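Observations on the three-dimensional arrangement
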8 protein chains.
Amino acid sequence: MSEKTVRVAILMGSKSDLDLMRPACDVLEELQIPYVLRVLSAHRTPERTAAFASGARKQGIQVMICAAGGAAHLAGVVSAHTTLPVIGVPLARTPLAGQDALLATVQMPKGMPVATVAVDGAANAAILAAQIIGVADADMAGKVDAMREANRLKVIADDESLQR
Amino acid sequence: MSEKTVRVAILMGSKSDLDLMRPACDVLEELQIPYVLRVLSAHRTPERTAAFASGARKQGIQVMICAAGGAAHLAGVVSAHTTLPVIGVPLARTPLAGQDALLATVQMPKGMPVATVAVDGAANAAILAAQIIGVADADMAGKVDAMREANRLKVIADDESLQR
Amino acid sequence: MSEKTVRVAILMGSKSDLDLMRPACDVLEELQIPYVLRVLSAHRTPERTAAFASGARKQGIQVMICAAGGAAHLAGVVSAHTTLPVIGVPLARTPLAGQDALLATVQMPKGMPVATVAVDGAANAAILAAQIIGVADADMAGKVDAMREANRLKVIADDESLQR
Amino acid sequence: MSEKTVRVAILMGSKSDLDLMRPACDVLEELQIPYVLRVLSAHRTPERTAAFASGARKQGIQVMICAAGGAAHLAGVVSAHTTLPVIGVPLARTPLAGQDALLATVQMPKGMPVATVAVDGAANAAILAAQIIGVADADMAGKVDAMREANRLKVIADDESLQR
Amino acid sequence: MSEKTVRVAILMGSKSDLDLMRPACDVLEELQIPYVLRVLSAHRTPERTAAFASGARKQGIQVMICAAGGAAHLAGVVSAHTTLPVIGVPLARTPLAGQDALLATVQMPKGMPVATVAVDGAANAAILAAQIIGVADADMAGKVDAMREANRLKVIADDESLQR
Amino acid sequence: MSEKTVRVAILMGSKSDLDLMRPACDVLEELQIPYVLRVLSAHRTPERTAAFASGARKQGIQVMICAAGGAAHLAGVVSAHTTLPVIGVPLARTPLAGQDALLATVQMPKGMPVATVAVDGAANAAILAAQIIGVADADMAGKVDAMREANRLKVIADDESLQR
Amino acid sequence: MSEKTVRVAILMGSKSDLDLMRPACDVLEELQIPYVLRVLSAHRTPERTAAFASGARKQGIQVMICAAGGAAHLAGVVSAHTTLPVIGVPLARTPLAGQDALLATVQMPKGMPVATVAVDGAANAAILAAQIIGVADADMAGKVDAMREANRLKVIADDESLQR
Amino acid sequence: MSEKTVRVAILMGSKSDLDLMRPACDVLEELQIPYVLRVLSAHRTPERTAAFASGARKQGIQVMICAAGGAAHLAGVVSAHTTLPVIGVPLARTPLAGQDALLATVQMPKGMPVATVAVDGAANAAILAAQIIGVADADMAGKVDAMREANRLKVIADDESLQR
């Protein structure tokens, strides 16, 4: 697989979700995973969403990340058009503080799983995507291990700095 | 409009939802509103769902009723393919007791309203459909008024029977 | 029907709700739907509310939009006095962040549906009103279709701008 | 005041609520408080409800107890037509287990308090009514004290029986 | 009863609750109901709280208003020491936004009702107190009616100002 | 300390809570911790409860376990009268399924902690009591370690039985 | 990779969870994915759990499925010891109906994602595992596509049977 | 036991939790309880966490305080490696406002209690630790009594200042 081939797609229901999804981009860039960022709405551009989801595997995409708030249907609609793993990121965009998006994302019916991460959990969605790619890509698994080791060392440094 | 033309469509995500939706059928039959009952899944048969929703207005359908449990996406997906009024019935199908279906149905983003009724509120969905039809159909409005009057008299009778 | 006849009524329980309901006015104006804006309280002016609701259909009004926070009873009380479609907008006005208004609006008993939209979903209430009017008014249905198409194009433009 | 004058009214939105409200009747009978039991719906018989509430004080009624499930509006609607104290009993009648009725009863706007008791708390509603009457009726206050003393002794007896 | 006799007691668990309870004082002053304001904690000064509650009726107090946040026990503890009506005001004082205080106040066991008002509903607690006093005090009932009429006229004025 | 001295008190608000608290008794008996079981109500027998709590430490009691449902005030009231560690067991006794008891038990104000365990978590309350006693009683700590080791071996046995 | 190599591990915190996890086994068997079923507790056998998680990748395991109820820590603890994708299945095992397990599973901190599926969503966990394996295993992707096609045909058959 | 021996350990999952845990430090310092403050993550440094927990009792530590937000696993993981009492402090660190951390901390399975205090209840965690130490340390019990008496006097002073 060429280094340039897009491996992860980040889909948002609205361009205004970009601020909350930036941490996902940062993680993918740190891990050097080529990705594409799309504004595709489950409701306002359903055909474009379906078309993109249906063709994603052929394009070489391996994981779909779908972020939405409120009655967050994007991850579910995307999962209806692909059997690639779909990661759902519930966003806290309404007065109900993400409780709506969480339930609308995670409570999928039998046959259509969405791998749901925490409310506003964009960074973790990207890390999960890397872990999924790492199942059959030892190099990627190694990068995730290295990132985690860095986190571990940072916690240890924080711990030690507190003792002094 | 011929008396035989289907005016309301009841869509369920699964045939097992039929028991909870039976009260909607009963109301439509009482009000002599021709309807069609379909099993169309937002996730398992997305194209059939989209096709049906897209063509509904041309078929003469005036209101869509969509029932689903869990991460209930059916009403939202249908609303993405038609500008007919879409009524959502959240079903209590998971351990979360309908709280998931309610939020997944009602918290729709700007531009895509779903007219949501109570959890397991199938009868009310049908009455709301009749009220919507009644906006421009005085005969239907009259039937709804009559049904309501009958309910009123029943409450009065219950009230009086209690006094004795 | 004269172009000047009021077709939609927006009712608020308090004048202070006006800021949250402004988006409904904007949508109705964009769609050129004549409307009236009223401050009518389910509890403080019950007779005026009942009188207005009872007479609404005769005035030519086709859809009632009722917005309230907390133990939001306005939509239910209005629906008790008319068989016109009643749209409820739960407002996030208390520390419970709209959860109270949502349940108080949507969980209506059999016979008295309220078409509930999202918490603070004023714009969607107006769009739903237009969709209801559009059931028997092809011109209105066309306007809603056009508004939706504009939204679709905006999402596509956002999507494309992100690719560059 | 004659011993026969009705002092408390118990209102239910539906005759089917009678089973849950029976404990309120039992308490009132034990305390020898004359009461009337009515089926009055906030939505299905609004005029009868308003008329009864408006005339209650003149009839000699001193406290209103209102029981309802779901989007429980009865107590609020009654409070709109009387300044007598209104006690609300939220009933667990929907899959949301009374959470809906609780919020719809207690979260009343400024100016219209409803004295809310626990979900399915019919007995406590009657005791609270007696306490309210007891503010200016020393005999009633004494009866409530006696009932409470009996409860106290029962707990002590239970406690002692456990030690043996 | 002398005009100077304290008729209502407002109890707060902490002096810092005073800002949220000020509206209750304002209402009582507007209705010319003599009241006392106390800082009495269910947990930190249990004996003082019990002593005050036990002696309240003899002092001529007719209604107790108890405000607390979090695991709000004050109203329950006070009700354990008096059979005067106890009004509970749940305060939104923790990250759980009053949901904790509401349930801790309203879900009282059989025999110990607390008349619960809305989260942060201090003004309504005072109005409810006046309504309770008004059961046997026609002058007070008249004052509450007048206050309500003023509210009604204000809503009507707001409604009319919007039409212009 | 004599082996017969009561070291743990289990308090229940009602004798009917005994079924849910039996597992606590079983654990204490297994660990040979002498205990007393009392029915003491925060609201119905407040003086007895306060007296027992106030005198507990002098009697040699080391930990208080308090179980209650609904607006569960027992643990809080007991903690107001002793500085012994108070363990709260929220019971699922109302339609709100223990959510009320959990918040009413755990959300205690500053200065009055209640060590809260899971809803219906009677067994864990007893184990926690043993762990607290074990802080300064090596024999008790050893018994808890042994109980835990037995649990560990049981999980391992279950794990192995599944492999066969 | 040999057809016999275990590719998925299903971990449960207790043997009593087996009934709820059986559908995951059924799916894996239908898709001919070799799996191992283990009882490993985050709290009672932490070392065994850590050891199994740490060694899983070397054993050829590609996806971990972790099921637990209440304060469901198993998936999080496993994810702390492997960078393989970890799927969490929240189980409805307490009076809080799975709401506790859902939040304890999905709300993971940055760096440690758990791919969470619906409450009691065992079948979907297995399907998601197959989709993850299918990212780099075209044969597996084909099997998932076939399973989904069968589901699609079943919905269509249900839909058609309803029309007759 | 030497005055210098650490008796309480405060563990945080992240250094950024320090601001919310400062009140626990303040209480321990006021009570002159030697403590250690550690950054130990259940997920990022599991071995260090397990090692510290396993060795805590031998170091003379008597109580563990564990603070975490979101899917708060720290207290549970620590309790898996020690039979010392473990106090859990759920932190409000996500859009779900601590509801996630509360349930993830308190709903522990049988055999592994976590003594949970209020959301963001750091001060109470420290007081509870002191109460636990005070079970067998009369001097410490006296200090806690004195702190409580100071609180009592402060409430009384606040109460009296309000009367003037």
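Looking at the environment of Ser79(D)
In this fold, Ser79(D) is placed in helix H3 (residues 74-79). For Ser79(D), a relative accessible area of 0% translates into the label buried. Separated by 73 residues in the primary sequence, Ser79(D) and Arg152(D) place their C-alpha atoms 34 Å from one another. For Ser79(D), the residues in contact, after removing those within four places along its chain, are Val86(D), Met108(D), Met112(D), Pro113(D), Val114(D) and Arg148(E).

Considerations on the relation of the copies chain E and chain D
Between chain E and chain D, the superposition needs a rotation of 180° and an axial shift of 0.0 Å, giving an RMSD of 0.0 Å. Such a turn and shift between the copies fits a two-fold axis. An overlap of 100% is found between the interface residues of chain E and their copies at the interface of chain D, pointing to a shared contact surface.

With respect to the packing of helix H1 (residues 18-30) of chain A against helix H5 (residues 122-134) of chain A
Residues and elements named next belong to chain A. At their nearest, the axes of H1 and H5 sit 7 Å apart, and the two run at 30° to each other. By crossing handedness, the relation of H1 to H5 is classed as right-handed. Across the interface between the two elements, Leu20, Met21, Pro23, Ala24, Val27 and Leu28 of H1 pack against Ala122, Ala123, Ala126 and Ile127 of H5. Grouping the amino acids of the contact of H1 with H5 by side-chain chemistry returns ten nonpolar, no polar and no charged.

A word on the environment of Gly55(A)
Mapped onto the fold, Gly55(A) is located in helix H2 (residues 46-55). Taking C-alpha positions, Gly55(A) is 23 Å from Pro109(A), a pair spaced 54 residues apart along the chain.

Looking at the interface of chain A and chain H
Taken together, the contacts link 17 residues of chain A with 15 residues of chain H. Three residues stand out in chain A for area buried against chain H, namely Val155(A), Asp159(A) and Leu162(A), and they jointly supply 42% of the buried area on that side. Put simply, chain A and chain H have two salt bridges between them. Put simply, chain A and chain H have five residue pairs in polar contact (both at pLDDT 80 or more) between them. For the side of chain A that touches chain H, the element with the most residues is helix H6 (residues 138-163) of chain A, which contributes ten residues. For the side of chain A that touches chain H, the class distribution of residues is seven nonpolar, five polar and five charged.

So, the pattern of salt bridges
Within this structure, the stated rule accounts for 56 salt bridges over all chains. Where Asp17(C) meets Arg93(C), a salt bridge forms, and the shortest distance between an N and an O atom there is 3.0 Å. You can see Asp17(C) sitting in the loop between strand E1 (8-12) and helix H1 (18-30) and its partner Arg93(C) sitting in the loop between strand E4 (86-91) and helix H4 (99-106), a full 76 residues away along the chain. A residue is classified by how much of its surface remains accessible, and Arg93(C), at 36% relative accessible area, is partly exposed. With a shortest N-O distance of 2.7 Å, Arg38(F) and Asp159(D) are connected by a salt bridge. Linking Arg38(F) in strand E2 (residues 35-39) with Asp159(D) in helix H6 (residues 138-163), this pair reaches from one chain into another. Here Arg38(F) falls in the buried class, since its relative accessible area comes to 16%. Members of the salt-bridge network, linked through shared partners, are Asp17(A), Asp19(A) and Arg93(A).

Cut-offs applied
- Residues numbered from 1 in each chain as written.
- Chains lettered and ligands numbered in written order.
- Predicted model: local features only at pLDDT ≥ 70, side-chain atom pairs only at ≥ 80, totals over all residues.
- Heavy atoms only, no water.
- Helix = DSSP H or I, 4+ residues; strand = E, 2+ residues; numbered from the N terminus.
- Buried < 20%, exposed > 50% of the residue type's maximum accessible area, 1.4 Å probe, protein only.
- Contact = heavy atoms within 4.5 Å.
- Least-squares fit on C-alpha atoms with pLDDT ≥ 70 in both.
- Axes fitted to C-alpha atoms, helices over the stretch in contact; angles between N-to-C directions.
- Left-handed = near helix turned anticlockwise from the far one by under 90°.
- Nonpolar A, V, L, I, M, F, W, Y, C, P; charged D, E, K, R; others polar.
- Buried area = accessible area lost by both parts, 1.4 Å probe.
- Salt bridge = Lys/Arg side-chain N within 4 Å of Asp/Glu carboxyl O.
- Polar contact = N/O pair within 3.5 Å; in protein donor to acceptor, adjacent residues only side chain to side chain.

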